[in-house]
Every structure is written in C-alpha cells, then in structure tokens.
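# Reading the structure
Residues per chain are reported as follows:
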Amino acid sequence: MASLGRRRGVPLNRERGVMAATDCYIVHEIYNGENAQDQFEYELEQALEAQYKYIVIEPTRIGDETARWIAVGNCLHKTAVLSGVACLLTPLSLPPEYSRYVALPAGALSIACSTLYGISWQFDPCCKYQVEYDSQKLSRLPLHTLTSSTPVVLVRRDDIHRKRLHNTIALAALAYCAKKIYELYAV
C-alpha cells in the first residue's frame with residue numbers, strides 16, 4: 001500500500017520510497033554506432049515529451065548541455081524578476097530626479113529577459129525540468145544500474161507560478177517604464 005503516514009509523509013511500508021518504473025526514464029550511455037549522440041538526443045527528447053517525473057541522463061555531453069540550458073533559463077527568470085522588482089522599488093527608495101536612472105534600465109532589463117525567456121524557453125519541454133542535487137531524493141532513484149558516475153538527474157516541476165511571477169513583474173515594469181518615458185518626453 002502506497003498511502004502515506006500521518007507524520008511528515010513517511011511511507012507506511014518500511015521501504016524508503018521505492019519509485020515506480022513509470023516515474024523515471026534513464027538515457028543510457030551505450031555506444032552502438034556512429035550516430036550514438038543523435039540517438040541519445042532522440043531518447044532525451046522522447047523522455048521530455050513523455051513528461052517523466054525523473055529523467056536520468058547518463059551521457060556526459062548531453063547531460064552537461066541540458067544542465068547548462070536549464071541554468072540559462074533559470075538565470076533569465078531570476079534576472080527578469082530581480083530587475084523588475086528593482087525597477088518597481090527604486091522610485092520608493094531614491095529621490096525622483098535620480099530614480100529614473102536606475103529604474104528605467106532595470107525595467108528594460110526585466111522586459112528583455114522576460115521576452116527572451118518567453119521566446120526561447122516557454123515552449124521548450126526542457127523548461128519544465130530542474131536539475132536535482134538533493135542526495136536524499138537521488139537515493140530513491142535506480143542509479144545503481146548506471147555505468148556513469150556523474151549522471152545528470154532532471155526532475156519535472158510545475159513552472160506555471162514561476163512564469164506568472166516573472167511575466168507579471170515584467171508587465172508592471174513595462175507599464176512603469178512607459179509611464180516614465182511618456183512623462184520625460186511629453187513635458
């Protein structure tokens with residue numbers, strides 16, 4: 001029985017969270033021809049589209065590329081949020097004659113990062129995944145069958161709140177910047 005106990009979500013059975021086979025997909029590093037890298041990429045693409053909860057990427061090159069791609073998306077998201085917040089909070093903390101020198105560039109950066117994220121990452125199936133580093137969660141995965149000592153493990157996470165956050169902040173920054181630019185040139 002897979003029901004959870006009342007305290008801290010501990011499984012009632014004594015096994016430490018055994019994972020179902022349908023939750024995890026492993027891209028194995030098996031070289032069987034000239035097009036092995038293409039085969040690895042195809043397997044990864046199929047696993048991403050199948051929306052597995054965990055994807056273990058054994059081939060080093062593809063795992064590193066995927067981890068970097070996710071890191072760039074995370075950086076764009078964080079930059080959009082932080083620069084948007086800076087744009088919106090600067091007028092509250094600086095005098096009006098100086099705040100535009102910080103708020104307008106911060107707002108433009110937020111809008112640019114949010115737009116770039118929306119164009120490049122929003123429809124990519126990889127944006128739904130994050131690299132997992134938590135050793136406790138990794139211990140539940142069937143990593144004992146791998147030949148690589150450093151696989152990249154992706155975990156699927158819902159990113160709707162994240163997208164709403166940076167889009168809302170970027171739109172607020174856009175509205176503020178448009179208002180300030182109008183005020184600067186209309187007067």
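Please refer to the structure higher up on the page.
Residues numbered from 1 in each chain as written. Predicted model: local features only at pLDDT ≥ 70, side-chain atom pairs only at ≥ 80, totals over all residues. Heavy atoms only, no water.

What follows is about the overall build of the protein chain. The secondary structure content of the protein chain amounts to 5 helices and 4 strands. Burial statistics for the protein chain: of 187 residues in total, 35% are counted as buried. Partitioning the contacts of the protein chain with sequence separation of at least 6, the portion at a separation of at least 24 is 75%. As displayed, the protein chain offers around 12100 Å² of accessible surface, 59% of which is attributable to carbon and sulfur atoms. (Helix = DSSP H or I, 4+ residues; strand = E, 2+ residues; numbered from the N terminus. Buried < 20%, exposed > 50% of the residue type's maximum accessible area, 1.4 Å probe, protein only. Contact = heavy atoms within 4.5 Å. Areas by Shrake-Rupley, 256 points an atom, 1.4 Å probe, with all protein chains shown as cover.)

Let's shift gears to the pairing of strand β4 (residues 152-156). Within β4, 4 of the 5 residues are buried, which leaves the element mostly enclosed by the surrounding structure. In the sheet, strand β2 (residues 54-57) pairs with β4 via 4 bridges, with the strands oriented antiparallel. Bridge pairing in β4 links Ile-57 to Val-152. Two strands pair when backbone bridges link them, and strand β3 (residues 129-131) and β4 are joined in this way by 3 bridges, in the antiparallel orientation. Along β4, the bridge assignment pairs Val-131 with Leu-154. (Pairing = 2+ DSSP bridges.)

This next bit is on the sheet that holds β4. Spatial ordering of the open sheet is given by β1-β2-β4-β3, a layout of 4 strands whose pairing is mixed. Each edge of the open sheet is held by one strand with a lone partner, namely β1 (24-27) and β3. The mean inter-strand angle of the sheet, taken between neighbouring strand axes irrespective of direction, is 25°. Looking at chain direction, β1 and β2 are connected through 4 bridges and run parallel. Bridging across to β2, Val-27 finds its partner in Ile-57. (Axes fitted to C-alpha atoms, helices over the stretch in contact; angles between N-to-C directions.)

Let us now look at helix α3 (residues 96-120). Between its first and last C-alpha, α3 extends 36 Å over 25 residues, near the 36 Å set by a 1.5 Å rise per residue. Taken as a whole, α3 has its buried residues at Ser-99, Ala-103, Leu-104, Ala-106, Gly-107, Ser-110, Cys-113, Ser-114, Tyr-117 and Gly-118. (Expected span 1.5 Å × (residues − 1).)

With 16 residues, the main nonpolar core has Leu-44, Leu-48, Ile-55, Ile-57 and Leu-154 as its most contacted residues. Within the residue set of this core, elements represented by two or more residues are α1 (36-50), β2, α2 (60-93), β3 and β4. For this core, the leading source of residues is α1, giving 5 residues. Beyond its immediate stretch of four places on either side in the chain, Leu-44 contacts Val-27, Ile-55, Ile-57, Ile-62 and Thr-66. Of all hydrophobic cores here, the second largest spans 9 residues; its members include Tyr-54, Val-56, Val-153 and Val-155. (Core = buried A, V, L, I, M, F, W, Y, C linked by side-chain atoms within 4.5 Å.)

All told, the structure shown has 3 aromatic pairs when counted by the stated rule. Relative to Trp-121, the ring of Trp-69 lies with its centre 4.5 Å away and its plane at 20°, an arrangement referred to as stacked. Within this pair, whereas Trp-69 is found in helix α2, its partner Trp-121 is found in the loop between α3 and β3, the two being separated by 52 residues in sequence. You can call Trp-69 partly exposed: its relative accessible area is 34%. We classify Trp-121 as buried; its relative accessible area is 7%. Taken together, the ring pairs connect Trp-69, Tyr-117 and Trp-121 into an aromatic cluster. (Phe/Tyr/Trp six-rings, centres within 6.5 Å; stacked < 30°, edge-to-face > 60°.)

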